[in-house]
Amino acid sequence: MSSKNQKKNILKVGIIGTGGRGINAFGSYLATRKDAELAALCDPNPVRMEAAAKRLNRSMRLYPTVEKMIASEKLDAAVITSPDYCHEPNAVAALKGGINVLIDKPLATTVKGCQNIIAAAKKADKVVMMGFNLRHHAVLKRLKKIIDDGVLGRVFLIENREFYDGGRTYMSRWNRHYAKSGGLWIHKGSHDFDIFNWFLGFPKPVKVSAFAGVDVLTPKHIPFKVKPGIPVGPTCGQCPYKKICPDVYDLAETANGQWSDAAKKVDGYSKDLCMYTSDKDTHDNGIAIVEYENGVKASHMECFITSLSDRLYTVVGDRGQAEASLHHRTITVRPRWNGEVVTYQVPEESGGHGGADPSLANAFLETIKGRLKNQSTVEHGMWSTAIGQAAEISRRQSRMVAIKELFK
Ligand SMILES: NC(=O)c1ccc[n+]([C@@H]2O[C@H](COP(=O)([O-])OP(=O)(O)OC[C@H]3O[C@@H](n4cnc5c(N)ncnc54)[C@H](O)[C@@H]3O)[C@@H](O)[C@H]2O)c1
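Owing to the predicted nature of the structure, the values given are computational and were not obtained by experimental measurement.

> How should the overall build of the chain be read in this particular structure?
A count of helical and extended segments in the chain gives 13 helices and 15 strands. In terms of overall dimensions, the chain is globule-like: its C-alpha atoms have a radius of gyration of 22 Å, near the 22 Å expected for 408 residues. On the principal axes, the C-alpha backbone points of the chain span a range of 70 × 60 × 45 Å. By the burial criterion, 58% of the 408 residues in the chain qualify as buried. Within the chain, contacts between residues separated by at least 24 positions form 71% of all contacts whose residues are at least 6 apart in sequence. Within the structure as shown, the chain displays about 18000 Å² of accessible surface, and the carbon and sulfur contribution to it stands at 53%. One finds the centroid of the 57 positive side-chain charges in the chain at a distance of 3 Å from the centroid of its 42 negative side-chain charges.

Set out below in structure tokens:
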């Protein structure tokens, strides 16, 4: 902590990656904290970064690289919200600079990348926390407590089904490329694989099988008649059919400049490519199943072709089962034998992802201050990436993948 801030006990924080997540979830939250100063931003795109600073309505130093930011600022911490493939170099650079780091999920896009971050974290001996915000969701915290209290007995089966309306927009931006996101089993599934690991108390996952495909977001499935000689896209903004397309991705944020044409000119990054005609090498729906060393079986379904946004969990033990809906904020517990079926309604919380985002950011600051123990470590990040990477290999190679293959 710099000496001036030390006196006031204010943590100086930088954000690495000033897009949607960096600004919506963390920048805006940090700006409300009296015990933290959002001191600097880092993004290779200066136009986007300036627009982000303007949006937060504060003056901050702006840097094109992590190394430059670390060299010029006396930061206490950084939050990494750059695209998944650059979590590894950014985290390693921040840790070399000796600061505390919150890394949004996934830790990295491969187990190897995670191991490199873990090695850097060991050397740095700082707080290095995973941005697993779902663990901060009140419904899942309550369900975790039900499991830990033994209400369900010995858990042997878990299922999650994720339906995400906004997920179709992954096909409009970098997430659609395996090289940038590690595929959606890692980019998106890593949330749910972490929840499985967390619910179960972190047994080692041993085997994974997965099936996935692009079944709807292809040119063949454009949901309206395309006139001869008048093609769709290439972006929603340019598309002659934008008024009739039910999937138009309206960049409401354009006005604040983060996604302006000027920002796009710098790096060519379009956030609203046509989700039907964009080139993509990940899936729009799929199912992955995992077996753990203790025999527990878990299945995760993800579907981005839906009007519904919900995560539906079922946890089964030898004394009962529980079903949870994040959207409805309910948990129903059914005892196996005699006993009352109880449905809990979990109160609403304010903030992104049902209140989970501010809770995560708060936990990071409190952990740096030594008031909380780090509950989501880089090792946890690696295990969820490992399941996602194994699922990706499984679906591409049509075979069951042993997790140990990834550690050779
Ligand atoms: N936990 C969650 O619920 C959640 C939700 C959304 C996104 N995320 C994660 O947040 C991260 C950012 O996603 P997003 O949706 O905000 O993406 P985005 O495209 O909106 O923003 C990414 C930003 O990173 C910048 N960038 C590109 N290369 C960079 C580099 N090498 N170093 C620093 N910045 C770089 C881009 O210019 C852009 O400003 C991803 O890792 C994603 O998986 C997490």
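> I keep staring at the packing of aromatic side chains and nothing clicks. Help me out?
The geometry of an aromatic ring pair comes down to the distance between the two centres and the angle between the two planes. On inspection of all chains with the given rule, the structure shows nine aromatic pairs. Where Y170 meets F304, the ring centres are 5.5 Å apart and the plane angle is 75°; that geometry is what we call edge-to-face. Here Y170, found in the loop between β7 (155–163) and α8 (178–181), pairs with F304, found in the loop between β10 (297–303) and β11 (310–317); they are 134 residues apart in sequence, far enough to count as distant. The same class applies to Y170 and to F304, which are both buried. For the ring pair F199 and Y313, a centre distance of 5.9 Å and an interplane angle of 70° mean the geometry is edge-to-face. Of this pair, F199 sits in helix α10 (residues 189–200) while Y313 sits in strand β11, placing them 114 residues apart in sequence. Judged on exposure class, the residue F199 and its partner Y313 are both buried. By way of ring pairs, the aromatic residues F193, F196, W198, F199 and Y313 are connected into one cluster. One Lys or Arg, R396, reaches over the ring of Y178 and ends 4.1 Å from the middle of that ring.

> I would appreciate a short explanation of the pattern of salt bridges in the present structure.
For side chains bearing opposite charge, pairing can occur when the charged atoms are close. Under the counting rule described, the total for this entry stands at 24 salt bridges. In this structure, R399 and E405 form a salt bridge, with 2.9 Å as the shortest nitrogen-oxygen distance. Take R399: its relative accessible area is 32%, and that puts it in the partly exposed class. Among the charged side chains, a salt-bridge network with shared partners connects R33, D35, E366, K369 and R371.

> Looking at this structure, how should I read the sheet that holds strand β3 (residues 61–63)?
Sheets are built from strands paired through backbone hydrogen bonds, the pairs being either parallel or antiparallel. Taking strand neighbours across the sheet as the criterion, the six strands line up as β3-β2-β1-β4-β5-β6 in an open arrangement whose pairing is parallel. Only two strands of the sheet have a single partner each, and these edge strands are β3 and β6 (128–131). Within this sheet the neighbouring strands show an average axis-to-axis angle of 25°, counted without direction. Here strand β1 (residues 11–16) runs beside strand β4 (residues 77–80); their pairing, made up of four bridges, is parallel. Across the sheet, G14 pairs through a bridge with A78, a residue of β4. Packed on one face of the sheet, helix α5 (residues 87–96) meets β1, β4, β5 (100–104) and β6 and runs near 170° to β5.

> Please explain the environment of E349 as it appears in this structure.
Turning to its location among the elements, E349 is positioned in the loop between β14 (342–345) and α12 (356–368). For E349, a relative accessible area of 36% puts it in the partly exposed group. For the pair E349 and S359, spaced 10 residues apart in sequence, the C-alpha to C-alpha distance is 9.9 Å. Leaving out residues up to four positions away in the same chain, E349 has contacts with A138, R329, G354 and G355.

> What should I look at first to understand the domain arrangement of the chain in this one?
Much of the literature gives interface size as the accessible area that the parts lose upon coming together. On domain assignment, one finds that the chain holds domain 1 (3–132) and domain 2 (134–217 + 280–351 + 375–407). The C-alpha centroid of domain 2 is placed 27 Å from the C-alpha centroid of domain 1. With 20 residues of domain 1 at the contact, the number on the domain 2 side is 26 residues. When domain 1 packs against domain 2, the two sides together hide about 1900 Å² of surface, and 65% of this comes from carbon and sulfur.

> Whenever I open this one, the site of the ligand confuses me. Can you help?
Near the ligand you find 29 residues, and of these R21, D43, R48, D84 and Y269 are the closest. H353 is positioned such that a nitrogen or oxygen atom in its side chain is 3.4 Å from an oxygen atom of the ligand. Here the ligand has 850 Å² of accessible area as a free molecule, and 89% of this is covered by the chains. Here the residues of the shell around the ligand sort into eight nonpolar, 13 polar and eight charged. Counting contributing residues, the shell around the ligand receives three or more from each of domain 1 (3–132) and domain 2 (134–217 + 280–351 + 375–407).

Rules used throughout
Residues numbered from 1 in each chain as written. Predicted model: local features only at pLDDT ≥ 70, side-chain atom pairs only at ≥ 80, totals over all residues. Heavy atoms only, no water. Helix = DSSP H or I, 4+ residues; strand = E, 2+ residues; numbered from the N terminus. Rg over C-alpha atoms; globule rule 2.2 N^0.38 Å. Buried < 20%, exposed > 50% of the residue type's maximum accessible area, 1.4 Å probe, protein only. Contact = heavy atoms within 4.5 Å. Areas by Shrake-Rupley, 256 points an atom, 1.4 Å probe, with all protein chains shown as cover. Lys, Arg positive; Asp, Glu negative; His and termini not counted. Charge placed at Lys NZ, Arg CZ, Asp CG, Glu CD. Phe/Tyr/Trp six-rings, centres within 6.5 Å; stacked < 30°, edge-to-face > 60°. Lys NZ or Arg CZ within 6 Å of the ring centre and 35° of its normal. Salt bridge = Lys/Arg side-chain N within 4 Å of Asp/Glu carboxyl O. Pairing = 2+ DSSP bridges. Axes fitted to C-alpha atoms, helices over the stretch in contact; angles between N-to-C directions. Domains from an automatic or database assignment. Buried area = accessible area lost by both parts, 1.4 Å probe. Near = heavy atom within 4 Å. Polar contact = N/O pair within 3.5 Å; in protein donor to acceptor, adjacent residues only side chain to side chain. Nonpolar A, V, L, I, M, F, W, Y, C, P; charged D, E, K, R; others polar.

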